[in-house]
Structures are given as structure tokens and as C-alpha cells.
Amino acid sequence: MNIKLQTPAPDACASCPAHHIGNLLRLGVNMENWDYVVALAGNPNTGKSTVFNALTGLRQHTGNWPGKTVTRAEGGYSYGDNRYKIVDLPGTYSLLSTSMDEEVARDFILFGRPDVTVIVVDSTRLERNLNLALQVLEITDRAVLCLNLIDEARRHGLQVDERRLARDLGVPVVPTAARQDEGLQELLKAIHEVATGQFVCKPHRIKNEAPAIKRALAQLVPQLEAAFPNLPNARWVALRLLDGDQRIVKAIQNGEFGDLNAHAPVQPETNLELQLEVVS
Amino acid sequence: MTVQTGATQAILETADSLRWQIGREFHEHLMEDIYTDATHIADRAVTRPDEKPRFDLDRTIDRLVTSRIFGFPLMILLFTIVFWLTISGANVPSSWLATLLLDTIHPLLKQGAAAIGMPWWLDGFLIDGMYLATAWVVSVMLPPMAIFFPLFTLLEDFGYLPRVAFNLDNAFKKSGAHGKQALSMMMGFGCNAAGVVATRVIDSPRERLIAIITNNFALCNGRWPTQILIASIFIGGLVPAYLGGLISALSVVAIALLGVLFTFLVSWSLSRTLLKGEVSTFSLELPPYRPPRIWQTIYTSVIDRTLIVLWRAITFAMPAGAVIWLTANVTIGGTSVVEYVINFLNPLGILVGLNGVILVAYIFAIPANEIVIPTILMLTVLVTGAGGGAGAGVMFELESQADTLALFYADGWTLLTAVNLMLFSLIHNPCSTTIYTIYKETGSKKWTAVASLLPVVMGFVVTFFVAQIWRLVAGIG
Amino acid sequence: MPDPLIALGTAVLIITLAAFLFWPEHGWLARWRQTNQLNERIRSEDALKHIHKFEMKGRRPTLESISGALNNSQNDTAQLIAAMQANNFLTVADGEIHLTPQGRDSALHIIRAHRLWERYLAEETGFQQSEWHGQAELAEHRLTPAQADALAFHLGNPTHDPHGDPIPTADGALVAHGGQPLTTLPLDSPGLIVHLEDEPEVIYAQLAAEDLHPGMVVRVTESAPERVRFWSNGDEHLVAPIVAGNISVIPLPEDEMEEDTDGCERLTCLSPGETAVVVNISNASRGPERRRFMDLGILPGTSITAEMRSPGGDPTAYIIRGALIALRHEQANLIKVKKTGD
């Protein structure tokens, strides 16, 4: 079954930032002086922090340990005439379980609606990493896949066809070796193109649901789309509701999805959902 | 536009009723769908040269470092090298720093203060109190950390540490803990605060709490000097001179091993009592080996670990120095405040085989264990009225071990005092930097309190029993 | 300085006293709390639960059955019933005891609280399966309806407790599991476990020890008055009929029975170098651990190769979807696999 996705509201210009200022502020990210916000997601130990450091010129410690970044880091850079704020999310295997880290990463992508989500994957173990990538693509359609550690893949004789991957996933795919500063210019360019709307992603969505799930979605998704016309990921929200995800239930109740006036200033709440550690 | 409450309510009701229809296996089905797609896409994109699941070099290294024969010896060898490099390598820069900060700059500052006519109390408060305590902490703490952390980080970058967790997991499992605790414990030998931060890699809530609470039993860098000094003057002195070095070294190692034993014991009992209901899951990924980037590692580990820990220690040591100086110099009726406190705590101290001075020193040393010995010396001189000190509230260390021993004997120390001091140094509350770190990491006042109070209570219990049994057996008072 | 002998004696005395007072479960404080639990309200709630259960099963609650369930003398029970009658929880007519609507509401709340708490213990804590029921017996009397609702919301409005019992909804709807006792399942035809009765505890402990869970497929091979023999997920189980009677199953059409059980093994039986395909994750694995397995890509059909064993004997590292993951023996034992010849 293919559920038609909502296209952006007609008055939204293609190159305007898509992020949700109000929710971002609530998440502890101040967007003053920044044009776009970029989230960095990925499995643990894929070199996500190295990519972050390479993009921002910061020197956050990165180790060969699955699960290093526990507090989030944020930094920034300029590309062309635009200033990008970049947020390093905790490394997770999935966005569907209920650990603290996964919730932080998920909430940021879902409610903050970053202009671009860069999914960092380990080229040498693509299958496992695509699990998270596909989950991210369910939530957002503004993503870039960063095929990191491509040097290791090459060293071991693996060939990754990034064009085919890009076609299958529907988002730009950039091979990088962040430790050697390889491919970073291309990554910056891809981020820029997605952020400014020059490249419009048509992300892959998961198929093959069981008939019972299909029926349930057919009932729930139209209801969601009617209530929240601007929701870019009604199908995913429906799946989470069917899984009994209480965080999503709460978001439905308090209207976090319904706030269409995305660029109206919002006072930050006193209890922030996400504490960011600013390293810049 | 606001969404009608009615509409949201209807959505949630639909979802709830649908959940009864789709069955309990929903989450499983969803994950299967995702992975089916992931496999399909990955298969189309990746061409493998052959059907090798892993790379040859990784496999060879793994065979070696996890082998039944070489696995453990290799591990012991590597960590011995790390500790040896740390201890022997830190001696030289430590004495440079001590010469510079304590013997050169301190007198210069005093002269400078005298030259501008600074009143004695301000000069004492700032220079003898705050400056000296900070300088002491820096000279003792900085060099070992600047060596230990980069070495450790290199092993980490290479990918060896997860293999250590893999090798040792069975031992930790038996005490209800996680193999990765081996690493946070090892890190704790450098600094408990860093060890507590290192528990982040343990992703199971129960095992992580266990690792945090027991990290204090890893004898940290700030406590090694106390152990070494007391062991060499009291225990090393029991045997002929040529054996002295060996015996005192062995007794320090025995204390450190006792700490490991306590780690296991406390882990075991915590996992069966206080932490019984906490969630426990095990997962340990063994990442591929990567050639470490030496310069970058040294840079980031010095910036990230060493300097941050040092900075926190300094922020706590400075006020501590000020308090020590004040309590030693503010007098009520001719007796300084600190002497009142010492006299008050003395009966308790004697009961557990220590004395009031040691207990007071441990209160002062909550910010940084490095200042225990200088504080004990200063207070002992103050109490006994013996010569040789640097003045009330001024920390110092004696050049010769014989002088130190004589000073301690003058205050009524016995071998029991020395043994119990070594035990108490191992088993007492974590330093304030560590307590603060525990609070930041757990976000819980309850667990911070448990981690802080449990060891100090245990310390009193252990020293109490050792003292009573010692006195019974030795038949002395 | 006090005499060491006196000091030692005093300390030992204090420690003994403290242990006597505060020892978990057997100490004076714990006992005092337990007896304190057994007040009138709790007995009345337990009686409501019992009557409701009998009504659901179509049996007739009696004075004897209630006093048996409460472990109470019949005199006390009679008094309790009189008090409950006065509170408009039940009616007694012609010796038959019936719940009033108000009584039924209360009973459903208790059941809801009990099952929610078990679900909570199973999903979000590390307590052992055998401890769930006992803890829920205490918690059910503590939770107010509002707290039960909050807990249900927190758990994502679960539909079933870990034993397979449906959790009544807040407005009191209760869907029965619709199973029949295992003893009534025809020989050699497959059935799906939908429910394990968790009372009495002695029998439930046996079920838990047999590693049986709702959702498992069973096939009875022998049903004799002294024992029932059946297969489930590759293991043979041999239990007394009274135990088997506490397992509720629904018959399955023949083709849904899992593949023949001979080739079915657990991940633990792989030696380094051997490869197997996952059949399923045992139902004994739940909550965070089960989700973690799935996040790692351990799903039916996944190919797993054992790579190396720790020199300590445990854990073992497996290649799962290209990553090297160490699993402990108990974890690997939860994963059912089928060996593949290479």
C-alpha cells in the first residue's frame, strides 16, 4: 500500500528553512544567527563524532568504543552565504526502542524537524546500519546519507555502488573518509542542496507490512492527515501509535505535531526535553 | 490553526482499538520489515570480493588477544606496561613541578607579598592556603594523568579495550556486573571521576550504576602517594633494608587488589539488594581494529580528560586550602579551631585505630586526596608542637622518611595506625570531584548519596574490626 | 580507649540486632509490614477478586472457596462477607454469592492494577519472573484507579499481562483469553499457549521453570492420568496433569505448527566457526532485552556465525549482519536457531 505523502504547504518556498523553531527552542537549540540546522544521526562507532569534528573543526574526543557520545554536542560552520548549526545526536542502533539515547535522537528529528539529517553509516557493515537509516527516512524526507569509513571498505575490497544506493534510498549519498578529510566538500555540498531545496528527496519507505498492519494503517493514517495536515510522516506516527509509544501519544495530545506556525517565537520551557552540551 | 481536541481524542481511540486487532507481535513484524528492506538495499549496493564475513587481520588479532593461552597474559602485560610507564614516567615531571611550584614560586610569592606589605593574614590565606593546596594537587596529579590517559586512549582507539571487556566479562558477570566495568575500573586507577565518566559505555542501567558506585574502590592516582609513603616508612621498615622496597611495594599492590576484591563483593551484594529491580541487559559490540592516530589522540585526551579533571580538582582544592589555613589560624581562647575539631574526633579516631588528625585530614581532603599527607603532617606538628613544620596552616612534606616516622611516633602512631590509614585511604568517601561527577552522570541524589556514604561507612566498619582484633591479638592498647 | 573485647562485643550485638530488625523479607520490619498489609480492606479486595474469577469461569463461589483463597477461618470469612454485603459489594441470595455492579467494578480495578503491575515488572525492571506475581499481589491494593491509569499510559496501554491475561481497560472491559486447558487438547494436534494461570504459586513456579510462555506452540504427545508429555519449541516437557491444566491453549490449524522439532537448536550450541539461521527469539526474553536483540538485527531468518569464545568461557562473539557482537550464554540460549551446513 502506498500512502500519499503530504507535500509541503503551498505557501512554503522551496529554499526556506524547514526546521521547527519553536520545538527546537524547546529542545534547547537556539537558532538565532543560524540559517539552517543539521542533525547528525548514526549507529555507535561509525565515526559520527569524527564527521562532526571534521565539519566543525572542533576536537571532541572520539574513541573506538561503541557509544561514546552520550551528551550531545553542537557546533557550526558556514557554507556559501549560509550559516549551519550542526547537532551531534547520540549514536543509536534504532529509534524504536525506549532507551534514553534513542528518545533524544528521535525527538530531535521528529519535533525539531532539522533542515537536513545526515545519517552517518559504516560502509563496511551497511546492512546493519541501514536499519537506522531507514527508520530516519520514515521520519524525515530531508536527509543525506554519509557513507563513512569508505577507505576501510576499499581496503577490504568492498565496493559500494553509491549511485544505486542513492536511487534506492531516494536521498543523496556521499562516500567519505572523515579521518582522512576525504569527501567532506561533497558532503557539505549535498547538505547545502538538500537544505536549500535544490535537491528534493524522495525517501524510501518501508514496505511489505502484514495485512493486519496494512488495514490498521489504512484506517489511522487518513485520520492523522486530516487532523494534522502538515505532518510529513503520518505513516510513521501511525506505526508508533500502534506500537503504543506513549511519547507520541503525548505529542498528539499536547499538539506538538499541530503547531503549524513554525516560525513564531516560542518561549523556551523551563524543563527542557534535551540538554545540550555546547562545546563551541 | 489549532487541532480540535475531539480529533486527537478520536485518533487515540482508533489507535487503541486497532492495537487489539494487530496482535502482540507487532513490534517484531515491524523490525522484520525494516531489516528485510535493509538487506535488500545493501545487497544491491555492495559488491564483496568473496564471501568472507570478516577481515583477515582483525580475525588474526582477535584470535591472539582472546586466545585461551595468550589472552590473559597479554592483557596483564599491556596493563603492567601502562602502569609502569605512568608511575615511572610521572616521577620526573612531578618533582620538576614540585620544585617549580612549591620550592621556587611559593617563596617568591611570599617575598613579593612581604615586599608590598601585605598583612600576614591575607598573605597566609591566599598564598599558604589557596595557592599551596592548588599547587600541591597540580604537581601530584597532573603528570600521571597526562601519561596515563593518552596511553589508555591509544588502546581504546585501536579497539583493544572492548576485547578486554570480552575476556573479563565472565568474572564480572558472577558478581552481577558488566565486563565493561573492567575498563571503568582501570580508568579509576587513574582517576575515579574519569572512571565514573567512562561507565557511559555500559548501556545497561543496573550494571552502570554498579560500576559507578564501586568505582571508588579502584585506588586512584591521588591515593597512591599516601599508600606508598605509609607503606615504605612503616611496613618497609619492619624488614631488613634490602627487602624494604619490595615488601612495601607488595603491600601497596595488596591494598589495590583488596580494592578489586571489594569491587566484586560490593557489586555482588548491590545487584542482589538495592539494585535488584533495575533493568539489566548485556550487549557488547567488538568494533573492527583501527590504526590509532597518535598525535590526535594525545591532543584530545589531554584536552578532554586530563585538563577537565584537573580543572575540576583545582576548583575544589582552592577553597579547601583556604579553609585549612583559616581553621589552623583562627583561634578561640588560644586554641585553633582545627584543634577543637581534632580533639572532638580523637576518641572516634582512636576507636577505629586511627586518630583525630587523620580523620580531620580526610575531611579536609574531600576535595582532593592528594593533600592528605601534607595535611596530616601539618596538623601533627600543630598538635604535638614538634619543630620542623612550616607554620600553622602551611602544608609541607619532610625530606627524609626517618624524620616523618619520628614525627608520627611522637604523636603516638603504631603499626596499626599505619595499616588502618592504608585501609581507610582505600575505603572512604570519593573526593568531591568524583561525587559531583556521579551526580552529573546519574542525575540522582539517591545514588550519589549511596555512592558517597556506602564506602565511608564500610571504611569505619573495616578499620573498627581490624583495630579491635589487632588489639586483642597483640594484647596492646 | 575502650577495651577491645567490649567494643567488639558491642559492635557484634548492634549488627545482629540491626540484621534481626531490618533483614529483607524475614526481618522484624518486613514481617510487621506484611501483617499490617492484611487489614480488612485488603481481605475484602482479595475476596472480590476471587469471586470475580469464579464468575468468569462459570463456577460458583462459596464460603469455603473464599476462606480457602484468603487462607482464613470460615468464621472470619462469614464476617467479611457480611461486611462486604453491607458495603454493597455483593449480594447473598439462597446461599449464592453474586457481585453487585459496584463490586464488579472494584474487582476489575484490582485485576487491572495487578496485571498492569506485572507488566511493568516484566517490561521495565530486572525482577525475575517468579517474583512478579508476589509483588503484584501487594501493589494491586496500593494503586488507586488514577495511578493505574497513569501506569497504563506510561506502559503504552498494554493489552496483555506477561502471563497472557488480558488487562481490563479503564472502563472495565475484559476480553477473555478464550483458551482451553492443555489437558483437553487432542493428542498430536498443535495448540497456541494463550495463558498461564499464575495461581497457585507452587504450580506457576513449575510452569516458569519449564520455560513456558504465552505465544508458544505446543503439541501433546502423551496424556495419562499421572503425567502429560508435550513438545514446545523443540523441548520436551513432562508435567503432572494438574500443572498442564493450568496452561490454556487455543487449537491451531495443522499447518501453523512450527517445523519439525529435531533440527531446532539454540544459539548456544554453535561452536566457533559454525553458522545458523534464527528461527525465533524465545518468549522468555522480553522488554528492553528483546528490543535490543531486534535492534541488533537478530530476527527470524538472520544468519549468525559463532566467531570466538572468551577465554573466560563466556560470552561468545557472533557475527550478526556484519558486526561482531558478544552475547552471554543466557542470552544466546534465548535465541532459537536452525543450523545450516556450510
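Residues numbered from 1 in each chain as written. Chains lettered and ligands numbered in written order. Predicted model: local features only at pLDDT ≥ 70, side-chain atom pairs only at ≥ 80, totals over all residues. Heavy atoms only, no water.

Within chain C, the secondary structure is distributed over 12 helices and 14 strands. Structurally, chain C occupies a C-alpha span of about 80 × 75 × 45 Å along its principal axes. Considering chain C as a whole, with its 342 residues, one finds that 48% of them fall into the buried category. When contacts within chain C are restricted to residue pairs at least 6 apart in sequence, long-range pairs at least 24 apart make up 61% of them. Within the structure as shown, chain C displays about 15900 Å² of accessible surface, and the carbon and sulfur contribution to it stands at 55%. Taking the average location of the 28 positive side-chain charges in chain C and that of its 47 negative ones, the two points are 2 Å from each other. (Helix = DSSP H or I, 4+ residues; strand = E, 2+ residues; numbered from the N terminus. Buried < 20%, exposed > 50% of the residue type's maximum accessible area, 1.4 Å probe, protein only. Contact = heavy atoms within 4.5 Å. Areas by Shrake-Rupley, 256 points an atom, 1.4 Å probe, with all protein chains shown as cover. Lys, Arg positive; Asp, Glu negative; His and termini not counted. Charge placed at Lys NZ, Arg CZ, Asp CG, Glu CD.)

Annotation of chain C at the domain level lists domain 1 (28–99), domain 2 (180–256) and domain 3 (264–339). Relative placement of domain 1 of chain C and domain 3 of chain C: their C-alpha centres are 48 Å apart. (Domains from an automatic or database assignment.)

As a further point, take the packing of aromatic side chains. Residue and element names in this part refer to chain B. Throughout the structure, instances matching the rule amount to 20 aromatic pairs over all chains. Taking 5.4 Å as the distance between ring centres and 25° as the angle between the ring planes, the aromatic pair formed by Phe 148 and Phe 152 counts as stacked. With Phe 148 and Phe 152 both in helix 5 (residues 120–158) and four residues apart, this pair spans about one turn of that helix. The residues Phe 148 and Phe 152 share a single accessibility class, namely buried. A network of ring pairs unites the aromatic residues Phe 79, Phe 83, Phe 148, Phe 149, Phe 152 and Phe 189 as a single cluster. Above the ring of Tyr 289, the side-chain terminus of Arg 163 is found at 4.1 Å from the ring centroid. (Phe/Tyr/Trp six-rings, centres within 6.5 Å; stacked < 30°, edge-to-face > 60°. Lys NZ or Arg CZ within 6 Å of the ring centre and 35° of its normal.)

Residues and elements named next belong to chain C. On average, residues of chain C score 80 in pLDDT, and 92% of them reach the 70 mark or higher. When mean pLDDT is taken per element in chain C, strand 12 (residues 316–320) scores highest with 92 and strand 9 (residues 264–266) scores lowest with 70. Across the interfaces of the predicted complex, the ipTM metric reaches 0.81, alongside a pTM of 0.77. (pLDDT = per-residue confidence, 0-100.)

The next subject is the pairing of strand 6 (residues 228–232) of chain C. All names here are of chain C. Side chains Val 228, Phe 230 and Ser 232 project from strand 6 onto a buried face, and the interleaved Arg 229 and Trp 231 project onto a face without burial. In this sheet, strand 6 lies alongside strand 5 (residues 217–223) in antiparallel orientation, the contact comprising five bridges. Of the residues in strand 6, the one forming a bridge with Val 218 is Ser 232. Adjacent in sequence and paired antiparallel, strand 5 and strand 6 are bridged by four residues. By the bridge criterion, five bridges tie strand 6 to strand 7 (residues 235–239) in an arrangement that is antiparallel. Its bridge partner being in strand 7, Ser 232 is matched across the sheet by Asp 235. (Pairing = 2+ DSSP bridges.)

Our focus in this paragraph is the interface of chain A and chain C. With 14 residues of chain A at the interface, the matching set in chain C holds 12 residues. Approximately 1200 Å² of surface area, both sides summed, lies buried where chain A meets chain C, with 49% of it carried by carbon and sulfur atoms. Three residues stand out in chain A for area buried against chain C, namely Tyr93(A), Arg128(A) and Gln246(A), and they jointly supply 43% of the buried area on that side. Where chain A packs against chain C, one counts one salt bridge. Along the contact surface separating chain A from chain C lie two residue pairs in polar contact (both at pLDDT 80 or more). Mapped onto the side of chain A that touches chain C, the elements with two or more residues apiece are helix 4 (126–139) and helix 10 (246–253) of chain A. At four residues, helix 10 of chain A tops the list of elements feeding residues into the side of chain A that touches chain C. Considered class by class, the residues forming the side of chain A that touches chain C number two nonpolar, seven polar and five charged. (Buried area = accessible area lost by both parts, 1.4 Å probe. Salt bridge = Lys/Arg side-chain N within 4 Å of Asp/Glu carboxyl O. Polar contact = N/O pair within 3.5 Å; in protein donor to acceptor, adjacent residues only side chain to side chain. Nonpolar A, V, L, I, M, F, W, Y, C, P; charged D, E, K, R; others polar.)

The interface of chain B with chain A comprises 56 residues on the first partner and 66 residues on the second. Connecting chain B to chain A are four salt bridges. In this assembly, chain B and chain A are joined by 13 residue pairs in polar contact (both at pLDDT 80 or more). Those elements that provide at least two residues to the side of chain B that touches chain A are helix 1 (5–22), helix 2 (26–45), strand 1 (46–47), helix 5, helix 6 (161–174) and helix 12 (294–329) of chain B. Here the side of chain B that touches chain A gets 16 residues from one element, more than from any other, and that element is helix 2 of chain B.

Residues and elements named next belong to chain B. Under the defined criterion, the tally for this structure stands at seven cavities of 30 Å³ or more. Space inside the second largest cavity adds up to approximately 160 Å³. What lines the second largest cavity is a set of 21 residues, and nearest its centre among them are Met 141, Cys 191, Cys 220, Glu 370 and Cys 431. Secondary structure elements with two or more residues in the lining of the second largest cavity: helix 5, helix 8 (192–198) and helix 18 (432–442). (1 Å grid on protein atoms, 1.4 Å probe; cavity = no way out; pocket = protein on both sides within 12 Å on 5 of 7 lines; lining within 4 Å. Points joined across faces, edges and corners; volume = space filled by probe spheres on them.)

Evaluation of the coordinates by the stated rule reveals 34 salt bridges over all chains. Between Arg63(B) and Glu307(C) there is a salt bridge whose closest N-O contact spans 3.7 Å. Linking Arg63(B) in helix 3 (residues 56–65) with Glu307(C) in strand 11 (residues 303–309), this pair reaches from one chain into another. When its relative accessible area of 3% is taken as the criterion, Glu307(C) is described as buried. The residue Arg227(C) makes a salt bridge to Glu222(C) at a minimum N-O spacing of 3.1 Å. On the accessibility criterion, Arg227(C) (32% relative accessible area) is partly exposed. A relative accessible area of 22% means that Glu222(C) is categorised as partly exposed.

Residue and element names in this part refer to chain B. On the surface, Leu 77, Ile 81, Trp 84 and Leu 85 cluster together into a nonpolar patch covering about 410 Å² of accessible area. The topology assignment puts Trp 84 in helix 4 (residues 71–115). Taking the relative accessible area as the measure of exposure, Trp 84 reaches 57% and is therefore exposed. (Patch = residues over 30% accessible without salt bridge, like charges linked within 9 Å, V, L, I, M, F, W, Y side chains within 5 Å.)

Before going further, it helps to spend a moment on the packing of helix 14 (residues 356–364) of chain B against helix 17 (residues 415–426) of chain B. All names here are of chain B. Between helix 14 and helix 17, the least distance of the axes is 12 Å, while the angle of their chain directions is 20°. With respect to their mutual orientation, helix 14 and helix 17 come out roughly parallel. The hand of the helix 14/helix 17 crossing is right-handed. Contacts between helix 14 and helix 17 involve Ile 358, Leu 359 and Tyr 362 from the first element and Thr 417, Leu 421, Phe 424 and Ser 425 from the second. Its residues assigned to classes, the contact of helix 14 with helix 17 shows five nonpolar, two polar and no charged. (Axes fitted to C-alpha atoms, helices over the stretch in contact; angles between N-to-C directions. Parallel < 35°, antiparallel > 145°, perpendicular 65-115°, else oblique. Left-handed = near helix turned anticlockwise from the far one by under 90°.)

Below, the discussion takes up the environment of Glu397(B). In this fold, Glu397(B) is placed in the loop between helix 15 (372–384) and helix 16 (401–410). Leave out the neighbours within four places in its chain, and Glu397(B) touches Trp136(B), Ile373(B), Pro374(B) and Leu377(B).

So, about the nonpolar core. Membership of the largest hydrophobic core comes to 123 residues, with the highest contact counts inside it found for Leu126(A), Leu145(A), Leu165(A), Leu187(A), Leu241(A) and Phe257(A). Sorting elements by how many residues they give to this core places helix 2 of chain B first, with nine residues. Once residues within four sequence positions are removed from consideration, Leu165(A) is found in contact with Leu126(A), Leu145(A), Leu147(A), Val160(A), Val173(A), Ile41(B) and Ala45(B). Among the nonpolar cores identified, the runner-up in size contains 120 residues, and Met186(B), Ala218(B), Phe396(B) and Leu8(C) belong to it. (Core = buried A, V, L, I, M, F, W, Y, C linked by side-chain atoms within 4.5 Å.)

Here the focus is the sheet that holds strand 3 (residues 180–181) of chain C. Neighbouring strands of a sheet are bound in pairs by backbone hydrogen bonds; such pairs are parallel or else antiparallel. The sheet built from six strands is open, its strands ordered 3-8-4-5-6-7 (chain C) with antiparallel pairing. Because the sheet does not close on itself, it has two edges, and the strands there are strand 3 and strand 7 of chain C.

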